[in-house]
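Below are the chains, spelled out letter by letter.
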Amino acid sequence: MSIVITGATGQLGRLVVDSLLARGTAASDIVATGRNTAALSTLAERGVRVAEMDYNRPESITAVLSAGDTVLLISASEVGQRLEQHANVITAAKLAGVARIVYTSAPKATTSTLILAPEHKATEEFLVASGVPFTILRNGWYTENYLGEIDKARDTGVIVASVADGRVASASRRDYAEAAAVVLVEEGHEGKIYELSGDVAWSFDDLAATIAGIIARDVSYQRLSPREHAAMLGSFGLDESTVNFVVALDGDIRDGLLAETSGDLSRLIGRPTTPLAEGLAA
Ligand SMILES: NC(=O)c1ccc[n+]([C@@H]2O[C@H](COP(=O)([O-])OP(=O)(O)OC[C@H]3O[C@@H](n4cnc5c(N)ncnc54)[C@H](OP(=O)(O)O)[C@@H]3O)[C@@H](O)[C@H]2O)c1
């Protein structure tokens, strides 16, 4: 009976492996999976077992899962293909007789109008209907999503967005990874749905001030209308669907869809979430 981590070759998955090891899980009890063989080799150097797994190849999933395993299904990254990919893992897990699937979802996935919610909603529904015991981690925004703003602000002294006064309760990937490790190894999380986010919902004025502190220059937040934002992104050569996605996401932030601070994340990890300044500086 192992703890199987999908997406272990990615940024969140690697941190989950670190958190499990730090919490005392034996390396030999962890199976780290992904497609990237070079990244799998690096994980193997830590003593954990590794296996190739491709969400698009059900036989590669079946080959890894065994009865009694606990599986962390880290959501896939190809938007539009994710339900089928997640369903492949859930179906293989059911056939194998795994003990539980822990799935990384999105905030209020089943009711939110967040542009990214539909695939997570469909996955949650597929998971619940499968009858496999589950825990759902509705991960909020990563602080690391804003690292790119530091370089832009260094060059221009501004951050631009069309979020108006919207706020983001982000947390560091490490915080979400620790929460995943906790629910994987502790008892009592079966059937639970957690709304994970940072303790503080910051505004883009706060983001500008925080980045100013990091790069030691004045930085301001330039508010754009959605139309101005789309025009600016288009002028950078972004294709129309990417422009629409970015502007829609800013609309979601404007509507407060990433601002909820439930406290679930800090409760699970037993400490406050990483503050914005610390998360960006790290
Ligand atoms: N909350 C947020 O702010 C936020 C932001 C971005 C993404 N996300 C979601 O959170 C997930 C984890 O984030 P991250 O930062 O760790 O992303 P990441 O570094 O891009 O890692 C994605 C992981 O998914 C694996 N993967 C993708 N497609 C796969 C497939 N077909 N078969 C098997 N494995 C596959 C990758 O494996 P290989 O590299 O080995 O192919 C990699 O291990 C993302 O995939 C996405 O769903 C959340």
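Throughout what follows, the structure given in this document is the object of discussion. (Residues numbered from 1 in each chain as written. Predicted model: local features only at pLDDT ≥ 70, side-chain atom pairs only at ≥ 80, totals over all residues.)

## Here's the deal with the packing of helix 1 (residues 11-22) against helix 7 (residues 173-185)
For clarity, the threshold we go by: Lines are fitted to the C-alpha atoms to define the axes, a helix being fitted only along its stretch in contact, and any angle between axes, read from their N-to-C directions, falls within 0 to 180 degrees. Here a strand is any run of E in DSSP of at least two residues, a helix any run of H or I of at least four, and the numbering for each starts at the N terminus. Here the word oblique covers every angle except those under 35 degrees (roughly parallel), over 145 (roughly antiparallel) and from 65 to 115 (roughly perpendicular). Handedness of each helix crossing follows the sense of rotation of the near helix against the far helix: counterclockwise by less than a right angle gives left-handed, clockwise gives right-handed. The contact rule is simple: place each C-beta atom from the backbone, and if two of them lie within 7 Å, those residues are in contact.
At their nearest, the axes of helix 1 and helix 7 sit 8 Å apart, and the two run at 55° to each other. One way to sum up the angle between helix 1 and helix 7 is to call them oblique. Of the two elements, helix 1 crosses helix 7, and the hand of that crossing is right-handed. Contacts between helix 1 and helix 7 involve Gln11, Leu12, Leu15, Val16, Ser19 and Leu20 from the first element and Arg173, Arg174, Tyr176, Ala177, Glu178, Ala180, Ala181, Leu184 and Val185 from the second.

## A few points about the environment of Leu21
Going by this rule: Counting other C-beta atoms within 10 Å of each residue's C-beta, where C-beta atoms are placed from the backbone, gives the exposure class: buried for 20 or more, exposed for 12 or fewer, partly exposed between.
Relative to the helices and strands, Leu21 resides in helix 1. C-beta crowding within 10 Å serves as the criterion here: with 16 such atoms nearby, Leu21 is assigned to the partly exposed category. Spatially, the C-alpha atom of Leu21 lies 35 Å from that of Ile253, the residues being 232 residues apart in sequence. Each residue touching Leu21, except ones within four places of it in the same chain, is listed here: Ala27 and Arg46.

## Overview of the sheet that holds strand 3 (residues 49-52)
Rules: Strands were regarded as paired on the criterion that DSSP finds at least two bridges between them.
With parallel pairing, 7 strands are arranged side by side in an open sheet as 3-2-1-4-5-6-9. Both outer strands of the open sheet, strand 3 and strand 9 (193-196), are each paired with one neighbouring strand and no more. Averaged over all adjacent pairs, the angle separating strand axes in this sheet is 20°, with direction ignored. Two elements, strand 2 (residues 30-34) and strand 3, share 4 bridges in a ladder whose sense is parallel. Residue pairing for strand 3: Val31 is matched across the bridge by Arg49. Where helix 7 meets the sheet, its contacts fall on strand 1 (3-5), strand 4 (70-73), strand 5 (100-105), strand 6 (134-139) and strand 9, and the angle it forms with strand 6 comes to roughly 170°.

## Observations concerning the site of the ligand
Operational definition: Nearness rests on one distance test: the residue's C-beta atom, set from the backbone, must lie within 6 Å of the molecule or strand. For this scheme, ten residues count as nonpolar: Ala, Val, Leu, Ile, Met, Phe, Trp, Tyr, Cys and Pro. Four count as charged, namely Asp, Glu, Lys and Arg, and the remainder, Gly too, count as polar.
Around the ligand sit 25 residues in total, of which Gly10, Leu12, Gly34, Asn36 and Ser75 are the nearest. Top element by residues in the shell around the ligand is helix 1. It accounts for 3 residues. Its residues assigned to classes, the shell around the ligand comprises 8 nonpolar, 14 polar and 3 charged.

## Focus: the nonpolar core
Filter applied, for reference: Working definition: the nonpolar core is a set of buried Ala, Val, Leu, Ile, Met, Phe, Trp, Tyr and Cys residues, joined through C-beta atoms within 7 Å.
Membership of the largest hydrophobic core comes to 50 residues, with the highest contact counts inside it found for Val16, Ile101 and Ala180. Non-local contacts of Ile101, meaning those with residues more than four positions away in its chain, are made with Val71, Leu73, Ile90, Ala93, Leu127, Val132 and Phe134. Formed by 27 residues, the second largest nonpolar core is a distinct cluster that contains Ala109, Ala117, Val163 and Ala208.

## Quick look at helix 4 (residues 82-96)
Put simply, the test is: Any helix carries an expected span of 1.5 Å times its number of residues minus one.
The end-to-end C-alpha distance of helix 4 is 21 Å, a good match for the 21 Å that 15 residues give at a rise of 1.5 Å each. Next to the buried residues of helix 4 lie helix 3 (58-62), strand 4, strand 5 and helix 5 (117-130).

## Overview of helix 8 (residues 204-215)
For the α-helix, the turn length of 3.6 residues means that residues three or four positions removed from each other point alike. For helix 8, with 12 residues, the first-to-last C-alpha span of 16 Å sits near the 16 Å given by 1.5 Å per residue. Considering only its buried residues, helix 8 is in contact with helix 6 (147-156), strand 7 (158-161), strand 10 (202-203), strand 11 (220-223) and helix 12 (276-281). At the C-terminal side of helix 8, Ala216 shows a positive phi close to 55°.

## Quick notes on unusual backbone geometry
In this structure, Ala164 is a non-glycine residue whose phi angle is positive, near 55°. Mapped onto the secondary structure, Ala164 falls in the loop between strand 7 and strand 8 (167-168). Phi is positive for Ala216, which is not a glycine, with a value near 55°. Along the chain, Ala216 turns up in the loop between helix 8 and strand 11.

## Concerning the packing of helix 6 against helix 8
Relative to each other, helix 6 and helix 8 sit at 70°, their axes nearing to 10 Å. By the angle class used here, helix 6 and helix 8 are roughly perpendicular. Residues Glu149, Ile150, Ala153 and Arg154 of helix 6 form the contact with helix 8, whose own contacting residues are Leu207, Ile211, Ile214 and Ile215. For the contact of helix 6 with helix 8, the class distribution of residues is 6 nonpolar, no polar and 2 charged.

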